[in-house]
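# Close look at the chain arrangement
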Amino acid sequence: MTALHPLALATLFCISPLAALAEMPRTAAPAGAEVYFIEPADGATVGQTFTVKFGLKGMGVAPAGVDLPATGHHHLLVDGTQLPAMDMPLPTTDQVRHFGKGQTETEVTLPPGKHSLQLLVGDKNHVPLDPPVISKKIEITVE
């Protein structure tokens, strides 16, 4: 029996989970589904801590892990310069905030200055729907 070189073994362990993630199926978006901001409005000036309310039309909200037809949950993209991969589970970062319990609003704290916000709906596995249900990017000023 031949032993695997330690580097080959490490590579196998690193690639296998990535290959499995790459094969995740995407959930079809309901026709006409839209996600949008109820507040704040595009161009608004807000305090350092402010409320963000999510709107959704043409589908329902369900927590992550719940497999119900025509549902998903919200993700808030903060100051994104590039959209995340649409065929993989969304990462959890300061720029990609998850609302996997089915929340439809949140309190956000940001430093003073100009910021962008965008909403993206994910399926039960945090993978964006196909086609993506994504809001228009809005710009706000934090005082």
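Reference entry: report on the structure contained in this document. (Residues numbered from 1 in each chain as written. Predicted model: local features only at pLDDT ≥ 70, side-chain atom pairs only at ≥ 80, totals over all residues. Heavy atoms only, no water.)

Glancing now at unusual backbone geometry. Peptide bonds are, in most cases, trans, and in most cases residues other than glycine have a negative phi. Residue Pro40 follows Glu39 across a cis peptide bond; omega there is 0°. Its location among the elements puts Pro40 in the loop between β1 (34-39) and β2 (45-46). In this structure, Pro131 follows Asp130 across a cis peptide bond, with omega equal to 0°. Within the secondary structure layout, Pro131 lies in the loop between β8 (113-122) and β9 (138-142). One non-glycine residue, Ala70, lies in positive phi territory at about 55°. Within the secondary structure layout, Ala70 lies in the loop between β4 (60-61) and β5 (71-78). (Helix = DSSP H or I, 4+ residues; strand = E, 2+ residues; numbered from the N terminus.)

Moving on, we get to the environment of Lys101. With respect to the helices and strands, Lys101 occurs in the loop between β6 (96-99) and β7 (105-109). On the basis of relative accessibility, which here comes to 71%, the residue Lys101 falls in the exposed class. A sequence separation of 27 residues divides Lys101 from His74, and the C-alpha atoms of the two residues are 9.2 Å apart. (Buried < 20%, exposed > 50% of the residue type's maximum accessible area, 1.4 Å probe, protein only.)

Inspection of the secondary structure puts His115 in strand β8. At 2.7 Å, the side chain of His115 and the side chain of Asp79 are in polar contact. Setting aside residues no more than four positions away along its own chain, His115 makes contact with Asp79, Leu110, Ile138, Glu139, Ile140 and Val142. (Polar contact = N/O pair within 3.5 Å; in protein donor to acceptor, adjacent residues only side chain to side chain. Contact = heavy atoms within 4.5 Å.)

Right, let's get into the pattern of salt bridges. Counted by the stated rule, this structure contains five salt bridges. Measuring nitrogen to oxygen at the nearest pair gives 4.0 Å for the salt bridge that ties Glu39 to Lys53. In this pair, Glu39 sits in strand β1 while Lys53 sits in strand β3 (residues 49-57), placing the two residues 14 residues apart along the sequence. In this structure Lys53 comes out as partly exposed when scored by relative accessible area, which is 28%. (Salt bridge = Lys/Arg side-chain N within 4 Å of Asp/Glu carboxyl O.)

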